[in-house]
Amino acid sequence: MLNVAIKAARAAGVIINRAALDVESVRVSQKMANDFVTEVDQASENIIIDTLLTAYPDHGILAEESGQTRGNPQSEHIWIIDPLDGTVNFTRGLPNFCTSVGAADVLTGEWLVGAVVAPILDLTYYAKRGQGSFVIRNGQHIRLTGPPADRATKIIATGFSYQADERVAQFENITRMMPDFVDLRRMGAAALDLCAVAEGAIDVYYERGIKEYDWAAGALIAEEAGLTVQRPAFVGDLCHARLA
């Protein structure tokens, strides 16, 4: 399953990379207030789903743009897909965006595999339950171990909801946390934030109001790097990754 997840995410990355060469020509539409989708999101999602269902035609699909309209809704296995996490970054020409593909066992609630591909940054993060997490950088597979527990100064990463009330709650919570941290990062892609914690670049990631497809793959990658991840089973209201 892991190889298929990586293959699907990388296939989407090819589409995204090509579109990034002329991002101003990409059509953008609004899903809801402050929440946007591009034709690249939709094309990327289609190739991910096609790749997954070619390998596993009986599996279920939960995708950001198409929901559960494809795949088998009765399957014991479900793939959670965010074809372009960081759409706003993409439309602004910022490189911090990615494709996220994760799979879970519906009966046990156990997350099985996860792959996060940042095409412009040329990074592939991946994990399989019980086998650790890794990043492919410069052609090398590097095992992820999270930030050092004894680091003197710590950085927290976060993101903010498109909903005003969620943003207010998030600001209040972050304000209470800040005495424990030296600085704050807001990079605009939840999956990459979780991978940054897994890699040790960030010490803590906290966000409210995110959905399953935002954290599905990244949370497993963080866990397999030895982190504690507080997350809902299939309800996207809180994701918090930190050292155990």
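Just so we're clear, the structure is a prediction, and the values are computed from it rather than from any experiment.

About the thresholds
Residues numbered from 1 in each chain as written. Predicted model: local features only at pLDDT ≥ 70, side-chain atom pairs only at ≥ 80, totals over all residues. Heavy atoms only, no water. Helix = DSSP H or I, 4+ residues; strand = E, 2+ residues; numbered from the N terminus. Buried < 20%, exposed > 50% of the residue type's maximum accessible area, 1.4 Å probe, protein only. Areas by Shrake-Rupley, 256 points an atom, 1.4 Å probe, with all protein chains shown as cover. Core = buried A, V, L, I, M, F, W, Y, C linked by side-chain atoms within 4.5 Å. Contact = heavy atoms within 4.5 Å. Pairing = 2+ DSSP bridges. Lys, Arg positive; Asp, Glu negative; His and termini not counted. Salt bridge = Lys/Arg side-chain N within 4 Å of Asp/Glu carboxyl O.

K.L.:
I would appreciate a short explanation of the overall build of the protein chain in the present structure.
P.N.:
Secondary structure summary: the protein chain contains 6 helices and 14 strands in total. In the protein chain, which comprises 244 residues, the proportion classed as buried is 52%. Summing over all exposed atoms, the protein chain offers an accessible surface of approximately 11,100 Å²; the carbon and sulfur share of this is 50%.

K.L.:
Would you take a moment to explain the nonpolar core for this structure?
P.N.:
Side chains of a nonpolar character, in soluble globular proteins, are inclined to be buried together. In this structure, Val-116, Tyr-125 and Ile-221 are the most contacted members of the largest nonpolar core, which totals 38 residues. For this core, the secondary structure elements donating two or more residues are β4 (77–85), β5 (98–105), β6 (111–118), β7 (123–128), β10 (155–158), α5 (190–199), α6 (212–224) and β13 (227–230). With near-sequence residues (within four places) excluded, Ile-221 lies in contact with Gly-114, Val-116, Tyr-125, Tyr-126, Ala-127, Ser-133, Leu-144, Cys-195 and Ala-198. Membership of the second largest hydrophobic core comes to 24 residues, among which are Ala-9, Ile-48, Ile-49 and Val-113.

K.L.:
Could you clarify how one ought to interpret the pairing of β4 in this entry?
P.N.:
Working note: regular strand, side chains alternate between the two faces of the sheet. A large share of β4 lies buried, amounting to 8 of its 9 residues. As paired elements, strand β3 (residues 60–63) and β4 share 4 bridges and run parallel to each other. When the bridges of β4 are listed, Leu-62 appears paired with Ile-80. As paired strands, β4 and β5 are joined by 7 bridges and run antiparallel to one another. Bridge assignment links His-77 to a residue of β5, and that residue is Asp-105.

K.L.:
Explain the side chain of Asp-85 here, please?
P.N.:
For Asp-85, the position within the fold is in strand β4. Here Asp-85 occupies a buried position and makes no salt bridge, while the nearest side chain of opposite charge, Arg-186, is found at 8.1 Å. Dropping the residues within four chain positions of it, Asp-85 is found in contact with Asn-96, Phe-97, Cys-98, Ala-189, Ala-190, Ala-191, Leu-192 and Asp-214.

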